[in-house]
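# Breakdown of the fold
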Amino acid sequence: VSKAYPIKGGVKTVLDGLSMTIPRNRSLALLGRNGAGKSTLLSMIAGSIKPDRGRILRHCRVSFPLGFAGSFHRDMTGAQNLRFVARIYGVDAEMLTDYVSDFAELGAYLEQPVRVYSSGMKARLAFGVSMGIAFDTYLVDELTAVGDKNFRLKSRQVFERKLTHSNVVMVSHSIGQLRDYCNCGMVLENGRVEVYDDLEEAIARHEENMRMSREEDGGPRGRRRRREAAKVKARMKRRRGARRGMI
C-alpha cells in the first residue's frame, strides 16, 4: 500500500509499499513524529481515505476514528444522524438512539440540529455512537476527555469494557495512555513502517527518532531550513505590503 500527497516543491510520502497484517488479538500503538502520517494511516484503515496503490482488506468490523464528529450532517438533528449511522452499519436504529440518548446526556438537544451543538456536545454524540456499535477493532486518534469528571469516568469505564472483547489501534502523544491500552507497536517514519511485538521496543525506537529529529533541527541542516523559512515569510510579508500600497 502506498500513499503520497503533493506539496510545494515536492511530494510528501506517507506510505511507501507497506505490506503487513494487523493481528486480531493485539492492541496496536501507532507512533511517529508530527506530520509522519499517523492520522492519514488511521483514516486509510477506517476506509475514509483511499491508498494511491494497493488494497486494504478488512476481515473484521473496524470502527471510524473514535469520537469523530466530522461526518454528522449539521442540518440534521442528532437523532436523525443516529438513524443514518445505524443504517450504514446495519444496527437497530431505535436501540442505538436509546443507547446514545442515555450515554451522551444531551437531553432535548438530541432532537435539535447538530449545527446548534457546542463542540463538547458533538464530541459526546460522536463518542456515544462509537460506544453504541459493537466493533472488533476500535480506531483511536488522540483519546480526549469530554465533559465533566463524572462523564469522563463513565466514558473511560465503557471504553475499557469494550476492549475486553475488542482491540484498538491507537494514536496518542501520551506514552502513558499507549501503555494503558496497547501491547504492541508500529513506528511510522519517512513512509516506512516498523512493527514491534513488544510495545516498549516500539516506544524506544520512536523516542530515538524524536531525539535524532531534535539533533537535526539544532544542526546546520535545521538552521538552514529555518533561515529559508524566514526568507520566504519575509518575501510574503513584503508582497502583502506592496499590494496594500504600503511599500
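Look a little higher up for the structure.
In what follows, the accompanying structure is described. (Residues numbered from 1 in each chain as written. Predicted model: local features only at pLDDT ≥ 70, side-chain atom pairs only at ≥ 80, totals over all residues. Heavy atoms only, no water.)

So, about the sheet that holds strand 7 (residues 184-189). In spatial order, the strands read 4-5-6-3-7-8; together these 6 strands make up an open sheet with mixed pairing. Every other strand in the sheet has two partners, leaving strand 4 (62-65) and strand 8 (192-196) as the edge strands with one partner each. Mean inter-strand twist for the sheet, computed between neighbouring axes without regard to direction, equals 15°. Where strand 7 meets strand 8, 5 bridges bridge the pair, whose relative direction is antiparallel. Bridge pairing in strand 8 links M186 to V195. (Pairing = 2+ DSSP bridges. Helix = DSSP H or I, 4+ residues; strand = E, 2+ residues; numbered from the N terminus. Axes fitted to C-alpha atoms, helices over the stretch in contact; angles between N-to-C directions.)

In this structure, L125, F159, V168 and M170 are the most contacted members of the largest nonpolar core, which totals 45 residues. When residues in this core are grouped by element, the largest group, 7 residues, is from helix 4 (residues 119-132). Excluding residues that lie within four positions of it along the chain, L125 makes contacts with F72, G78, L82, V100, A104, L106, L110, V114 and Y117. (Core = buried A, V, L, I, M, F, W, Y, C linked by side-chain atoms within 4.5 Å. Buried < 20%, exposed > 50% of the residue type's maximum accessible area, 1.4 Å probe, protein only. Contact = heavy atoms within 4.5 Å.)

Bringing the state of the cysteines into the picture now. Tallied over the entire structure, the rule returns 0 disulfides. In this structure C182 is not part of a disulfide, and its nearest cysteine sulfur, from C184, lies 7.4 Å away. For C182, a relative accessible area of 8% corresponds to the buried category. Owing to a relative accessible area of 5%, C184 belongs among the buried residues under this scheme. (Disulfide = S-S within 2.5 Å.)

Turning our attention to the environment of S130. Along the chain, the position of S130 falls in helix 4. Using a relative accessible area of 1% as the deciding quantity, one classes S130 as buried. For the pair S130 and V100, spaced 30 residues apart in the sequence, the C-alpha separation amounts to 9.3 Å. Setting aside anything within four residues of it in sequence, one finds S130 in contact with F64, L66, G67, F135 and Y138. Polar side-chain contacts of S130 include one of 3.0 Å to the backbone oxygen of A126. (Polar contact = N/O pair within 3.5 Å; in protein donor to acceptor, adjacent residues only side chain to side chain.)

Here the focus is the layout of surface pockets. Taken as a whole, the largest pocket spans an internal volume of roughly 580 Å³. If you trace the largest pocket, you find 25 residues lining it, with M20, T21, I22, I56 and L57 closest to the centre. At the level of elements, helix 1 (38-46), strand 5 (137-141) and strand 6 (167-171) are the ones that each hand at least two residues to the lining of the largest pocket. Take the lining of the largest pocket: its biggest share by element is 3 residues, from strand 6. Residue classes in the lining of the largest pocket are distributed as 16 nonpolar, 5 polar and 4 charged. Contributing elements (two or more residues each) for the lining of the second largest pocket: helix 1, strand 4, helix 2 (78-89) and helix 4. (1 Å grid on protein atoms, 1.4 Å probe; cavity = no way out; pocket = protein on both sides within 12 Å on 5 of 7 lines; lining within 4 Å. Points joined across faces, edges and corners; volume = space filled by probe spheres on them. Nonpolar A, V, L, I, M, F, W, Y, C, P; charged D, E, K, R; others polar.)

This model, assessed by the stated rule, comprises 13 salt bridges. A salt bridge links E189 to R33; the nearest nitrogen and oxygen atoms lie 2.0 Å apart. On the criterion of sequence distance, the pair formed by E189 in strand 7 and R33 in the loop between strand 3 (28-32) and helix 1 is long-range, its members being 156 residues apart. R33 carries the same exposure label as E189, and that label is buried. Across the pair R74 and D75 runs a salt bridge whose closest N-O atoms are separated by 3.9 Å. Accessibility expressed as a relative area gives 44% for D75, which makes it partly exposed. It is possible to trace a salt-bridge network through shared partners that takes in R74, D75 and R115. (Salt bridge = Lys/Arg side-chain N within 4 Å of Asp/Glu carboxyl O.)

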